[in-house]
Amino acid sequence: MSNIDNLSIQLYTLRSLGELDYILDVVKEAGYGHVETVSSHLDDAENVRAKLDARGLKVSSSHVSLAALRERPDAVLQACRILGFDQLFMPAVPPGQRQSEAPFWRALGHELGEIAQRTRYQGITLGYHNHHWELAPKDGAKTALELIFEGAEGSPLAWQVDIAWLVRGGVDPKQWMERYRDRVVSAHVKDIAPAGQNKDQDGWADVGSGVLDWRDLWQAARAAGARWMVVEHDKPADPAETARASYAFISRMGV
């Protein structure tokens, strides 16, 4: 399998470019065949699908807000069907809740696990997407991420591993992917700039231009069960160049 066969790009990376038509033109020009949408795209699924079809693009997966999962689950599942994908990820809790104590995270895992059970009956895998704040200890040595999965025990809740955020959280991503390999279905692919560089980009870098060994991490993520590898940059200085450069590196990266 070629690296690009299971490659996608998170459209959040390109949000500063403006209109979706232009964003999708940039994606297509860079070489991608798949995109990962965000929650707002699910609210306009038929229009988004038309724009994707016009460019020969498909959806690998999507992020979705917890509010949408709670308040309009049927509409979310219908959007998944319209856009033609089967992986859905809740990407973050609101900023004010990110320092919450252990009971919050256990309860969140339990709730997401129950939702994941319901979405599975509709052919949709629901997962959680991590950042670094879930690596903070909340119950002795247990981190928030561990508590989420503990709360979801026995459920089909999946995991979209954001590898660079794990590194920023101070853990070994390969160890964590191996530990939770029964939950890993997708991975976010982004890079960390050398110390002191790219401060205007919050220290992130285009894939292949940072400090992470993506050849090794790519293999580890695929071995753990990641079906989709999704390029992302949280704050690119030049989103179109980030898309192009990351695709070019991955397409020629030997693994």
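Residues numbered from 1 in each chain as written. Predicted model: local features only at pLDDT ≥ 70, side-chain atom pairs only at ≥ 80, totals over all residues. Heavy atoms only, no water.

**Re helix α3 (residues 45–54)**
Among all positions of α3, only Ala-45, Val-48, Lys-51 and Leu-52 are buried. Buried residues of α3, seen end-on, are gathered within an arc of 125° and therefore sit on one face of the element. Residues of α3 that are exposed and point more than 90 degrees away from the buried face comprise Glu-46 and Ala-54. Taken from the residues just after α3, Gly-56 is the one with a positive phi, measuring 70°. (Buried < 20%, exposed > 50% of the residue type's maximum accessible area, 1.4 Å probe, protein only. Helix = DSSP H or I, 4+ residues; strand = E, 2+ residues; numbered from the N terminus. Arc of directions from axis to C-beta.)

**Let's talk about the packing of aromatic side chains**
Applying the stated criterion across every chain, the model contains seven aromatic pairs. Here Phe-104 and Trp-105 contribute two aromatic rings whose centre-to-centre distance is 5.0 Å and whose plane-to-plane angle is 90°, an arrangement assigned as edge-to-face. Ring plane angle 75° and centroid distance 4.9 Å describe the contact between Trp-165 and Trp-204, whose orientation is recorded as edge-to-face. Here Trp-165 is found in helix α8 (residues 163–168), whereas its partner Trp-204 is found in strand β11 (residues 204–205), with 39 residues between them in sequence. Just as Trp-165 is buried, Trp-204 falls in that class too. Put simply, the rings of Phe-149, Trp-159, Trp-176 and Tyr-180 pair up and form one aromatic cluster. (Phe/Tyr/Trp six-rings, centres within 6.5 Å; stacked < 30°, edge-to-face > 60°.)

**Focus on the pattern of salt bridges**
All told, the structure shown has 19 salt bridges when counted by the stated rule. Between Lys-174 and Asp-216 there is a salt bridge, with its nearest N and O atoms 2.9 Å apart. Highlighted residues: Lys-174 in helix α9 (residues 173–179) and Asp-216 in helix α10 (residues 214–224), separated in sequence by 42 residues. Between Arg-181 and Glu-178 there is a salt bridge, with its nearest N and O atoms 2.6 Å apart. Classification of Arg-181 as partly exposed rests on a relative accessible area of 37%. Residue classification places Glu-178 among the partly exposed positions, given a relative accessible area of 46%. Salt bridges here are not isolated pairs; linked through shared partners, they connect Asp-21, Asp-25, Lys-51 and Arg-55. (Salt bridge = Lys/Arg side-chain N within 4 Å of Asp/Glu carboxyl O.)

**Comments concerning the nonpolar core**
By size, the foremost hydrophobic cluster in this structure holds 80 residues, and its most contacted members are Leu-88 and Trp-214. Apart from the residues lying within four places of it in its own chain, the contact partners of Leu-88 are Leu-42, Ser-62, Val-64, Leu-69, Val-76, Cys-80, Ile-124, Thr-125, Leu-126 and Gly-127. (Core = buried A, V, L, I, M, F, W, Y, C linked by side-chain atoms within 4.5 Å. Contact = heavy atoms within 4.5 Å.)

**Notes on the sheet that holds strand β4 (residues 87–90)**
With parallel pairing, the eight strands of this closed barrel are ordered in space as β1-β2-β3-β4-β5-β8-β9-β12. On average, each strand axis in the sheet is tilted by 30° relative to the strand beside it, whichever way the strands run. Bridge count for strand β1 (residues 7–10) against strand β2 (residues 34–37) is two bridges, and the pairing is parallel. Counted as the bridge partner of Ile-9 is Val-35 from β2. (Pairing = 2+ DSSP bridges. Axes fitted to C-alpha atoms, helices over the stretch in contact; angles between N-to-C directions.)

**So, helix α7 (residues 144–151)**
By the criterion of burial, α7 is predominantly enclosed, with seven of the eight residues buried. Three or more residues of α7 are buried, namely Ala-144, Leu-145, Glu-146, Leu-147, Ile-148, Phe-149 and Gly-151.

**Concerning the side chain of Lys-190**
Summarising the element assignment, Lys-190 is placed in the loop between β9 (184–189) and β10 (191–192). A polar atom in the side chain of Lys-190 sits 2.8 Å from the side chain of Glu-232. If we ignore the near neighbours within four places in the chain, the residues touching Lys-190 are Asp-162, Ala-164, Trp-165, Trp-204, Val-207, Leu-212, Trp-214, Glu-232, His-233 and Asp-234. (Polar contact = N/O pair within 3.5 Å; in protein donor to acceptor, adjacent residues only side chain to side chain.)

**Some remarks on the pairing of β2**
On β2, burial covers both faces: His-34 and Glu-36 on one face and Val-35 and Thr-37 on the other are all buried. Handedness of the β-α-β unit built from β1, helix α1 (residues 20–30) and β2 comes out right-handed. Here β2 runs beside strand β3 (residues 58–63); their pairing, made up of four bridges, is parallel. The residue bridging Glu-36 from the neighbouring strand is Ser-61, located in β3. (Right-handed = clockwise from strand over helix to strand, strands pointing away.)

**Section: unusual backbone geometry**
Phi is positive for Asn-198, which is not a glycine, with a value near 55°. Locating Asn-198 in the fold gives a position in the loop between β10 and β11. Note on Asn-198: relative accessible area 26%, which makes it partly exposed. Phi angles above zero are rare outside glycine, and Asp-202 is one such case at about 55°.

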